[in-house]
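So the chains spell out like this:
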Amino acid sequence: MSILGNRVLRREDPKFLTTGGTYVDDLPIEGALWVTYVRSTMAHARLLGIDVSEARQAPGVVDVITGADVDLAPLAPFPFIPQTMAWPWLATETVRFVGEPIVAIVTEDRYQGEDAAELVFVDYEPLPAVIDPVEALQGDVVLFPEAGTNVATGQPAAGATDLFEGCEVVVRRRIVNQRVAPCPLEGRAAAAVWSDDGRLTMWSSSQSAHGTRDELVNRVGLDPETVRVIAPDVGGGFGAKVANYPEDLLVPWIARRVGRPVKWVESRSESMVGLGHGRGQVQDIEIGGTRDGRVLAYRLSVVQNAGAYPRIGSALPMMTRMMVDGVYSIPRVEFASTSVVTNMTPTVAYRGAGRPEATAAIERAIDLFAAEIGMGPADVRRRNFIPKDAFPYTTSVGTVYDSGDYDRALDLVLEAADYEALRKEQEQRRERGDVVQLGIGLCVYVEITAAGTNGEWGAVEVLPDGRIKVRTGVSPHGQGHVTSISMIAAERLGVAVDDVEVVYGDTDEVLKGVGTVASRSIQKGGVAVHRAAGEVLEQAKKVAADLLEANPDDMVFDPVGGRFHVAGTPALAKTWSDLAAAAPGGLTAAVDLEGGGPTFPFGAHVAVVEVDMETGKVWLRRLVAVDDAGRILNPMLAEGQVHGGLAQGVAQALFEEVRHDEDGNPVTTNLADYAFISAAELPSFETIHMETPTPVNELGAKGIGESGTIGATPAVQNAVVDALAHLGVRHVPMPATPQTVWRVIIEASAPATG
Amino acid sequence: MHVSPTVNGTTQAHDVEPRLLLVHYLRDVVGLTATNVGCDTSSCGACTVLLDGESVKSCTVLAVQADGAEIVTVEALARDDELHPVQQAFRENHGLQCGYCTPGMVMAALSLLREHPDPTEEEVREGLEGNLCRCTGYHNIVKAVLAAAGMPGATGVRA
Ligand code: FES
Ligand code: FES
């Protein structure tokens, strides 16, 4: 029986539970100095002077570095963005967000760095700051005068004037997908050591060791042959550690300058303003259709807040566009976006990266439309689903969905939630005028995984003792890939999972790699290993045939014991160690997977909330989730991914938001002020199994890393709106904090004036 | 200043700066790096250890305040190859992903079970409110703690 599909416990766990992981800060690096960055305290200002003379004299200070010392070209944005919007390594003339690094201090130990940082005096000439992306669009305050605009990039609308022709009902609304902080529990960290022979080893808390290596080559000008990047244990990333930042890329440069190993580990307060933020879209939605529930047209216009220096965040609307139709077959769809710079921390990828925003827009739009025509949200959804026999399905913008069955997902979730009973209970509470009202929210989503990334590299080698060594380009940081990748190799080669060694996150050990991003690790990295193992199997068959003096076609592989024998004579079998010894060049294969395309997981979520009508407080009581990610290798790991995603989705819907005051000062700069979701604010989740394999790869696997977040956020938001629907409420902004909800209730209950 | 706490059963003796945090003492001076730092506002609980039998956030205690105290970190829980029941429950219920919150979470769970040997789900959730995890959505952590509650030796520490 195949091991695939079983709840295999994680091989990673014993270490994490007993001695703890080895994160960058845990690395014992002999003689390492400590790097501390001095950061801007102003959102937008000209730098009139930076006085480091006192800091230089402070105890333990080895070096003090300003932007003038850094002989590297500023970090250029994507080619399609004005190149004048480049990010300086350390600000020299202008600072554009609170938290922007200005000075790097190198000290003997960590406390000395903080002491010396306090002795740096920066003379700022404040400039007006622009925080609101819609205001930034107007260009009254321009961040990069040389660019002459705050617009980083955009996707224009086709501009069809007759989009809503024939619609009996059209609903329009502006909604905001607010900024949130990814908050991996380990912040950013890096360490660098140059050896005497001129080779660099850099440890980086990164989702891609190879990506970091390439950045060092391209941006710091290092020779790839001299660079080794290792991603040791990484305490979460959620997209924010895919790309690098000036602070971590500068660490090897600093180590070379001071001639000693250095280490940099940011504090949480630094991380809250330094690590990129996620989301940040203002969305204008327009939806139209017939009174009997058919949606005929939909337009989504997005203003993306890219933050001060346009990074991957400026490109998120491209992902939003790809998923604009959601799970619906809508005859006419239009999308437009503009990404603008503002005086905020740069926007980056965060769990879902552009797709949660698309889903939030369409799933809110469907509810608004349903409310307008007085039809149930489940019925309107059903009326407009892409039917299950329409796959592969090409959407309005040309995205090709591989497989799906949205009706079934909705049926399953409604049944599990006991939707009818919930509606009855809601009705009763409304009739009684209860203080605590019930809200039921739906979301049916489809998302894209393994989008916009190339293939993945994987290699399999049989060791002399018959154990298997796998090298993979994925770079896990919590996903449990040591376990799932070894399951794939073990199943293919008939060995025990514990006899597979998985090597990753080290550019010296792994030839190529994309990393763990975009929910792609199993469908790309796993498939590459699966194929490499298949090639090893073929090689082994020939070697076994030689040893047994038989025709390769007569060889039988026994997957239970991992042995080859001639058909009919199982007693004379050759083991992996026999074959490894006999194969002249060893048994080894590497696969550089190309193509294959993305896959489209989907699902349906039901959220049940209670709302205190007197205080506006919301409790999430239930979250029922069907998430179909194709074939599942290890349901335990897949559920774990869903759980984490659900919590982050709930967090955005109800609690979390990066906030600023009117001068652009962030006010959520630590975990006391940022509403990081806790165990006390969540129920246990109800997850329901559904598997629709993809034809795109031989494992039938889609990605599961981000689905939970994508489905949960609108489900919970829709539930809050639903709890207040009897007051005529059609929308409640995220996060639905007591204050926000209370205000909506008061406004809805106030007698109409005028 | 001189400090001499007992850490995981071993008496230590060091001269430290008065401002040194206990968590940095454990990590940088004693060399026990399982205990992590996740914030600078005593919010996350990644640094949770037992101090004289009570769970504390070791980033809120100065090393000098722990002079003469008994400190237990997650490193002390397992014996040879045998995981402590709480560790075992975390493993069996997939209560960890990236592992960063885990050492603190396990110590907080242990302390919670000492106060509530047979907790309800709500008591577990309330009890772990000060220990943040970004990966698991807490679902399997709660499940693990409830599972550990039934195991013999779940509240014991052999250090
Ligand atoms: S590091 Fe101690 S509570 Fe966060
Ligand atoms: S397992 Fe990653 S923070 Fe808890």
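Residues numbered from 1 in each chain as written. Chains lettered and ligands numbered in written order. Predicted model: local features only at pLDDT ≥ 70, side-chain atom pairs only at ≥ 80, totals over all residues. Heavy atoms only, no water.

Draft legend 1. Looking closely at the overall build of chain A. Per the secondary structure count, chain A includes 18 helices and 28 strands. In terms of C-alpha radius of gyration, chain A reaches 27 Å, essentially the compact-globule figure of 27 Å for 754 residues. Projected onto its principal axes, the C-alpha positions of chain A cover 95 × 75 × 50 Å. In chain A, which comprises 754 residues, the share counted as buried stands at 63%. Summarising the internal contacts of chain A: among those between residues at least 6 apart in sequence, 80% fall at separations of at least 24. Looking at charge distribution, chain A has the averaged site of its 64 positive side-chain charges lying 3 Å from that of its 100 negative ones. (Helix = DSSP H or I, 4+ residues; strand = E, 2+ residues; numbered from the N terminus. Rg over C-alpha atoms; globule rule 2.2 N^0.38 Å. Buried < 20%, exposed > 50% of the residue type's maximum accessible area, 1.4 Å probe, protein only. Contact = heavy atoms within 4.5 Å. Lys, Arg positive; Asp, Glu negative; His and termini not counted. Charge placed at Lys NZ, Arg CZ, Asp CG, Glu CD.)

Draft legend 2. Region of the structure containing the side chain of A:Gln641. Relative to the assigned elements, A:Gln641 resides in helix α16 (residues 635-655). Filtering out sequence-adjacent residues up to four positions away, A:Gln641 remains in contact with A:Arg351, A:Gly478, A:Gln479, A:Ile704, A:Gly705 and B:Gln97.

Draft legend 3. Expanded view of the layout of surface pockets. By volume, the second largest pocket amounts to about 1,100 Å³. A:Glu114, A:Glu266, A:Ser267, A:Glu270 and B:Asp40 are the residues nearest the centre of the second largest pocket, which is lined by 47 residues in total. In terms of residue class, the lining of the second largest pocket is made up of 19 nonpolar, 14 polar and 14 charged. (1 Å grid on protein atoms, 1.4 Å probe; cavity = no way out; pocket = protein on both sides within 12 Å on 5 of 7 lines; lining within 4 Å. Points joined across faces, edges and corners; volume = space filled by probe spheres on them. Nonpolar A, V, L, I, M, F, W, Y, C, P; charged D, E, K, R; others polar.)

Draft legend 4. Looking closely at the sheet that holds strand β4 (residues 94-95) of chain A. An order of β4-β2-β6 (chain A) is seen for the 3 strands of this open sheet, with the pairing classed as antiparallel. Strands at the two margins of the open sheet, each flanked by one partner only, are β4 and β6 (121-126) of chain A. (Pairing = 2+ DSSP bridges.)

Draft legend 5. Quick look at the packing of aromatic side chains. All names here are of chain A. One pass over the structure, following the stated rule, counts 17 aromatic pairs over all chains. Seen from their ring centres, Phe-78 and Phe-80 are 5.3 Å apart, and the 15° between their planes marks the pair as stacked. Judged by its relative accessible area of 41%, Phe-80 is partly exposed. Taken together, a centroid distance of 5.1 Å and an interplanar angle of 40° make the contact between Tyr-401 and Phe-600 tilted. (Phe/Tyr/Trp six-rings, centres within 6.5 Å; stacked < 30°, edge-to-face > 60°.)

Draft legend 6. How the structure looks around the environment of B:Val74. Position of B:Val74 among the secondary structure elements: in the loop between β7 (70-72) and α2 (85-92). Distance from B:Val74 to B:Val106, taken between C-alpha atoms, is 7.2 Å for residues 32 residues apart in sequence. Among residues more than four places away in sequence, those in contact with B:Val74 are A:Leu17, A:Thr18, B:Ala34, B:Gln87, B:Pro103, B:Val106 and B:Met107.

Draft legend 7. Looking closely at the interface of chain A and chain B. Facing the 53 residues of chain A at the interface are 49 residues of chain B. Summed over both sides, the interface of chain A with chain B buries roughly 4,300 Å², with 56% coming from carbon and sulfur. Along the contact surface separating chain A from chain B lie 5 salt bridges. Across the pair A:Glu656 and B:Arg134 runs a salt bridge whose closest N-O atoms are separated by 2.8 Å. Taken together, the connections running from chain A to chain B amount to 31 residue pairs in polar contact (both at pLDDT 80 or more). Elements that contribute at least two residues to the side of chain A that touches chain B include exactly α1 (13-18), α3 (110-117), α7 (268-274) and α16 of chain A. When residues in the side of chain A that touches chain B are grouped by element, the largest group, 8 residues, is from α16(A). Taken together, the residues that form the side of chain A that touches chain B break down as 26 nonpolar, 17 polar and 10 charged. (Buried area = accessible area lost by both parts, 1.4 Å probe. Salt bridge = Lys/Arg side-chain N within 4 Å of Asp/Glu carboxyl O. Polar contact = N/O pair within 3.5 Å; in protein donor to acceptor, adjacent residues only side chain to side chain.)

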